[in-house]
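# What the coordinates show
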Amino acid sequence: MPLKIYNTLSREKEIFTPLTPDHVGMYVCGPTVYSDVHLGNCRTFISFDIIYRYLVYLGYKVRYVRNITDAGHLEGDRDEGDDKFSKLARLQKVEPMEIVQKYTLGFHHVMQLLNNLPPSIEPTATGHIAEQIEITKQILANGYAYEVNGTVYFDVEKYNTELPYGILTNRKMEDLLEGTRELGGQDEKRGRLDFALWIKAKPEHLMQWPSPWGMGFPGWHIECSAMSEKYLGKKFDIHGGGMDLAATHHTNEIAQSQACYHTSPANFWMHTNMLTVNGTRMSKSLGNGFLPEELFTGNHPLLEKAYAPMTVRFFMLQTHYRSTLDFSNEALQASEKGLKRLWDAYEILQKLTATNVAATDTELDAKVNKLVGEFDEFMNDDFNTAKVLGSMFELVPVINSIKDGLIRIDAISSSTMVLLQQKFKAYLEDVFGLKNDTVKHEPLNGVMELLIEIRKESKLKKDFATSDKIRNQLAAIGINLKDEKGGDMSWDII
Ligand code: AMP
Ligand code: ZN
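Turning our eyes to something else, we now look at helix α16 (residues 464-476). Here α16 spans 18 Å end to end across 13 residues, near enough to the 18 Å set by a 1.5 Å rise per residue. Listed as buried for α16 are S467, I470 and L474. Viewed along the axis of α16, the buried residues span an arc of 60°, placing them on a single side of the element. The outward face of α16, more than 90 degrees from its buried face, is lined by the exposed residues A465, K469, Q473 and A476. Positive backbone phi, approximately 90°, marks G478, located one or two places after α16.

Another aspect to go through is the coordination of the zinc ion (ligand 2). Only C29 (SG), C224 (SG) and H249 (NE2) from the protein reach the zinc ion (ligand 2) as donors, at distances of 2.0 to 2.2 Å. Of note, the zinc ion (ligand 2) draws all its donor residues from one chain, in the sequence arrangement C-x194-C-x24-H. Of the two residues, C224 is situated in helix α7 (residues 220-232) and H249 in helix α8 (residues 246-261); the sequence distance between them amounts to 25 residues. Note on accessibility: C224 and H249 belong to one class, buried.

Here we come to the site of ligand 1. As a structural note, the neighbourhood of ligand 1 is formed by 19 residues, with G40, T44, D244, L275 and M282 the closest of them. Interatomic distance of 2.8 Å between a backbone N/O atom of L275 and a nitrogen atom of ligand 1. Contact with the protein chains covers 94% of the free accessible surface of ligand 1, which is 490 Å². It is helix α1 (residues 39-57) that provides the largest number of residues to the shell around ligand 1, a total of 4 residues. Per-domain counts for the shell around ligand 1 show at least three residues from each of domain 1 (18-272) and domain 2 (277-431).

Following the sequence through the fold, Q112 ends up in helix α3 (residues 96-113). Put simply, Q112 and P309 are 197 residues apart on the chain and 9.7 Å apart in space, counted from C-alpha to C-alpha.

Further remarks concern the domain arrangement of the protein. We note that the domain assignment places domain 1 (18-272), domain 2 (277-431) and domain 3 (442-493) within the protein. Computed over C-alpha atoms only, the centres of domain 1 and domain 2 are separated by 35 Å. Each partner contributes to the interface: domain 1 provides 30 residues, whereas domain 2 provides 36 residues. For the domain 1 and domain 2 pair, buried surface summed over both sides reaches about 2800 Å², with 66% attributable to carbon and sulfur atoms. The largest share of the area that domain 1 buries against domain 2 comes from L39, R43 and Y54, three residues that together contribute 28% of it. Linking domain 1 with domain 2 are 2 salt bridges, by the criterion used here. In this structure, the connection of domain 1 to domain 2 is made through 11 residue pairs in polar contact (both at pLDDT 80 or more). Looking at the side of domain 1 that touches domain 2, the elements with two or more residues in it are α1, α3 and β10 (266-272). Per-element accounting of the side of domain 1 that touches domain 2 gives the leading share, 13 residues, to α1.

Reading guide: rules and limits
Residues numbered from 1 in each chain as written. Chains lettered and ligands numbered in written order. Predicted model: local features only at pLDDT ≥ 70, side-chain atom pairs only at ≥ 80, totals over all residues. Heavy atoms only, no water. Helix = DSSP H or I, 4+ residues; strand = E, 2+ residues; numbered from the N terminus. Expected span 1.5 Å × (residues − 1). Buried < 20%, exposed > 50% of the residue type's maximum accessible area, 1.4 Å probe, protein only. Arc of directions from axis to C-beta. Donors = N, O, S within 2.8 Å, 3.2 Å for Na, K, Ca; no water. Near = heavy atom within 4 Å. Polar contact = N/O pair within 3.5 Å; in protein donor to acceptor, adjacent residues only side chain to side chain. Areas by Shrake-Rupley, 256 points an atom, 1.4 Å probe, with all protein chains shown as cover. Domains from an automatic or database assignment. Contact = heavy atoms within 4.5 Å. Buried area = accessible area lost by both parts, 1.4 Å probe. Salt bridge = Lys/Arg side-chain N within 4 Å of Asp/Glu carboxyl O.

Have a look at this one:
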């Protein structure tokens, strides 16, 4: 069965054929680095990491471009307000690039902990100002934009007379207009859906560049058009991001590419569904975001315990990327148990050796072959990691029974055994990117509980020398022990 991918553009699963045989160009909208990434962002980046890994597993040479948004994000969603980087830099009395550096490093650290592979290219908006100016000039020259007082707007209504603006989310202009505010007398825009390609900077604005329209900075959407074209060409295979980006950011990217190059940028548009908390989307603006660090240390009032990065990754894999996933302690604890069960079986499996050529239990042999065959089958069906894990879990009792002597090792043929071992390894480690870190994390939790108990006891006995020694020596190795209200203590890794 060939690989089929659900394409947001056609609203169907389509057979995936790359534009250049054996090569895939994939662009994913990356983080906006004015704050820490939350677990919702991580879900999207894990989903695309799995997609990237699977394409590589299939033998494609993949150029995976994921950008860093480090300029041009405004507070308001109507090209109004201050740029978030400049605002934060002013508040904290630092350079905007210090904000960018801090959160980019934090993002990379989290991606590494979650075992996401780095993209092939990670371009930044501030590193591609010239390219963004060039596209803006071309869109103006082609007649799809206009300039007012140093700001350049995309003319959505004019564009829509020639091509359907709402094509990605299958919405008509009337419906799109319904959701937007009327233009006021102060507005420079001609149409309510028009968006800025280039924005005039106020003198106090900290990030601004010279342009043919005066000092300014790029609008948010233009960076992805400029950087995807630079590294993947005018037309490439896959463009992805979270579902929340489809209606505006990606819709505008398509319009910009059409207006500039007369082509839609990507063949396949892929959108990951949202991570929710009690049914509400996890987001920076709503403030309901859990930070990965909080999960890894358990340091959050709503968390019952700490969860290892691989537990979090596994939790994400248990749901298909196009379904919503609700965050809860129960679900994470179930994932922790599930991953341990799977990993234990995997370690047993790698130590088994079957020497017989023919299977003595042909029915079981056929069952094992069928389940193993399903790994590729389900991944080829729009990357259904949840179903692959279902097949893997059906194989766990077989592996455990061989270990316990309930099933004889010669029940399955040696070739089936080798296939089972190879596929388990390829899937768990290479495609799903899992590592055995739960084992390492669990004892640390236990050791910390023990040290906290000893410290509480020493405090009760007024043995402050011991209680201080525990706190200071932990601090020296990078563990911060905090005294909470009511004599409780918590810890995190500095
Ligand atoms: P941002 O840094 O807000 O631009 O988001 C980075 C990526 O995370 C984008 O692709 C978003 O669509 C995605 N994203 C944001 N919130 C969530 C969420 N709750 N669940 C899954 N993905 C999300
Ligand atoms: Zn983007």
